[in-house]
Amino acid sequence: MASAQDIEGMLRLAGQGFDLLFANDLEAAVDIFATEGQESSPIHLMGLGVCAFLKAALGMEPELMEDAMKCLTLAEQGTRKHMKLVKSSPSSHRFPSGIEWEVLHTDTTVLLGLTHALSDSYKGYLQCLYDLNRRVPSASVLSFSTLRPGLSSSAHSKFNKLFKTLYPNGLDGYATPSQSTPAASRRPSEGSIRYAKPTPAIPVRASAFFARWTGLGTLTTTIPVLGTITNPASGPVEELILSGTAFGYGLFNLVLSLLPAKIRNVVGFLGYSHDRQLALKALAVSAARTDVHAVFAGLVLMTYYGVLLLASGYQADEKHIIDQYKGIVRRVSQRYPKGALWILNKAKIQRMTGDPEGAIVTLQEGLQDDRQKSFPEADALLAFELAWTLYQCRRYEESAQVFMGVTKINSRSHATYYFLAAGCYVSAGQSDKAQRLLDTLSEIMRKRRRNMSTEAFIKRKLAFYKKKHARRGGDPKRFAESMKISPTKELAIAWNTHTHVDKETALAHIEELTALTPPVDIQTECMTSLSTTCQPGKLLDLNTPDELAVRSLILGILHRTLGDFAGARKLLHDALKHYQNADPNSWVGGVTHFELAVLDMKEGEWRSAAVSEGDPAEGNTALEVWTHAIKNAKDTLAHAHALCTRETDLSSRLDSRIVMLHEEIDMKMRQLGI
């Protein structure tokens, strides 16, 4: 059994490995975790498992997931063994003996579950739930729980019991990365929480759990909760326990809240409940500590906030999200300035706060040759983000080159990168280059053992373009010439790129799309007259309901970006009209309803601000404006959800966006007291 000195030694050595991993030196990190003499150390096995997990999560390759499962299973077995060995041993810290192994065991359990979820399939999600619900042996934590020693509990109950024991008064008295103390919250019912006082001392009966801390027998005393400012953690093991508990609880609940709707129904059946805002708060508390869990909590929050800002379309408190996001990125970047994951998130903040050119510089510097490059999966994310940011700035040829460059770094779905690069060349008017890339797609996808959701979409789109080109009487070998709306511009809807463009870029896109025939028969602030006419005998650029629906959908999003809400609504309803007869673009209906729900919230925000400023034209109170907007948004979002089926292209991405937007609408309702 490992002594206190052994555990601290393992933590220090493992900490060196994690420092290398976070600084982008994956190979050196693996060498540390595989140090001779540490082969049976659960902490080092955990390190190897985490390395494999991150490679799997970022690379999305089946063989990488298998490696992650192998390493994490060994780590889970090791922590389980230590949990049993420490049952009757004296504690080396102020917590019950062995609780550190409880924390590490729950780490392995949730990572094993998440590895299954990485498959992005319903089978994988269900396997994830099985792992999280399976019964695990009890140890020290149960000596102060309501269960009897020797019983077993699910990982779900373990998280709850650890959290409630170590954070009995909640999280209000703890620091977060954006504030020294206390934890920030978006809960309107706790409007003063950002300025709340530290958690007060609590009376306890020392003969039970807290007797292990004080040795005062049956006396009743008042002890500040460990980990707060008045009673800080002492040593690496206590830091691990506090940070790891907040991390595990936060991650577990966040994962549950983000599962697809059908899987969440299973979650409810199993008795799981989740609170996303409390989960985010727990992760923020963990991220402000010094243990390695703090960095992982920061990474989870960065990922969540980045996706939320990019994909949800509307945020109830955007400033709070950006402040938290910036605080986490700043904290971790100071420690690991060369780490690709932190560079990536700095660039995302720049891009989504109106500085895409600054984001391009950040990403290009992050990909320079003088950097440590033994973590290709992380570098591939930098390149992918750079390609989309270049496309957002209409730097199409550069974007195409970077998309192709991703294939040299990452083996994940080369067909997707080829397709996106081809679309960039279509946008640039270089159909020959586009055609050469499109011609390689069938062979690339044939070689893959498992097609991803984007590849199924690509197959249908290629068949669609070939049929269209044949109807136009064109050379079958040059079907790229019939691509009048770039497929990259179309996929940019799913990545929500059009929402983040500036006014000049939005107007340029509108000009391109309205120049296509047939003309758009809708007038808006930006489209005051028909910009093109149909010449007799000339083939139409867009001759299918699918293309007309996509054009109106993109135009609607661009008008919303420009603040022309009335024009956006006309165009989005026009997209739904054409969608009724669409064939391969099964995703258009659900996405259009989603974008309409975003429009309802954005317009509600604008109208309520006008009312607050005394605009007599509105004629309603701000609360009445919001009540109407929220009702419309929820109704429209329900339509989007109904159209988001397993047979719909890119359905998992749309489902995630619906979940996030629904949460933001609920948050706005709580803010308003509705």
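Refer to the structure presented above.
Residues numbered from 1 in each chain as written. Predicted model: local features only at pLDDT ≥ 70, side-chain atom pairs only at ≥ 80, totals over all residues. Heavy atoms only, no water.

A.B. asks: How would you summarise the overall build of the chain if you had to cite specific residues and measurements?
C.D. replies: Check the secondary structure of the chain and you find 28 helices and four strands. A total of 674 residues make up the chain; the buried ones form 59% of that total. Accessible surface computed for the chain: about 27500 Å², of which carbon and sulfur atoms make up 52%. (Helix = DSSP H or I, 4+ residues; strand = E, 2+ residues; numbered from the N terminus. Buried < 20%, exposed > 50% of the residue type's maximum accessible area, 1.4 Å probe, protein only. Areas by Shrake-Rupley, 256 points an atom, 1.4 Å probe, with all protein chains shown as cover.)

A.B. asks: Talk me through the side chain of Ser608; I want residue IDs and the actual numbers.
C.D. replies: Mapping Ser608 onto the fold places it in helix α26 (residues 588-612). Take Ser608: its relative accessible area is 8%, and that puts it in the buried class. Here the side chain of Ser608 touches Glu605 through a polar contact of 2.9 Å, landing on its backbone oxygen. Sequence-distant contacts of Ser608, defined by excluding residues within four places in its chain, comprise Ala622, Val625 and Trp626. (Polar contact = N/O pair within 3.5 Å; in protein donor to acceptor, adjacent residues only side chain to side chain. Contact = heavy atoms within 4.5 Å.)

A.B. asks: Residue-level account of the packing of aromatic side chains, with values.
C.D. replies: On inspection of all chains with the given rule, the structure shows 23 aromatic pairs. When the centroid spacing of 5.6 Å and the interplanar angle of 85 degrees are considered together, the rings of Trp388 and Phe403 count as edge-to-face. In this pair, Trp388 sits in helix α16 (residues 376-392) while Phe403 sits in helix α17 (residues 396-409), placing the two residues 15 residues apart along the sequence. Linked through ring pairs, Phe384, Trp388, Tyr391, Tyr396, Phe403, Tyr417 and Trp495 together constitute an aromatic cluster. Its end group placed over the ring of Trp495, Arg653 keeps NZ or CZ at 4.7 Å from the ring centre. (Phe/Tyr/Trp six-rings, centres within 6.5 Å; stacked < 30°, edge-to-face > 60°. Lys NZ or Arg CZ within 6 Å of the ring centre and 35° of its normal.)

A.B. asks: Go over the packing of helix α14 (residues 340-352) against helix α15 (residues 356-366), please, and point to the residues and values.
C.D. replies: Between α14 and α15, the least distance of the axes is 7 Å, while the angle of their chain directions is 165 degrees. When the axes of α14 and α15 are compared, the pair comes out roughly antiparallel. Every pair of crossing elements has a handedness; the one defined by α14 and α15 is left-handed. Mapping the contact onto sequence places Ile343, Leu344, Lys346, Ala347, Gln350 and Arg351 in α14 and Pro356, Gly358, Ala359, Thr362, Leu363 and Gly366 in α15. (Axes fitted to C-alpha atoms, helices over the stretch in contact; angles between N-to-C directions. Parallel < 35°, antiparallel > 145°, perpendicular 65-115°, else oblique. Left-handed = near helix turned anticlockwise from the far one by under 90°.)

A.B. asks: For helix α27 (residues 622-643), give the residues involved together with the corresponding values.
C.D. replies: Here α27 contains 22 residues, and its C-alpha end-to-end distance of 32 Å stays within 8% of the 32 Å for a straight helix at 1.5 Å per residue. Every buried residue of α27 is listed here: Val625, Trp626, Ala629, Ile630, Ala633, Thr636, Leu637 and Ala640. Each buried residue of α27 sits inside an arc of 145 degrees when the element is viewed along its axis, so together they form one side. Exposed positions of α27 whose direction lies more than 90 degrees from the buried face are His628, Lys631 and Ala642. Looking at the buried side of α27, the elements it contacts are α26 and α28 (651-672). (Expected span 1.5 Å × (residues − 1). Arc of directions from axis to C-beta.)

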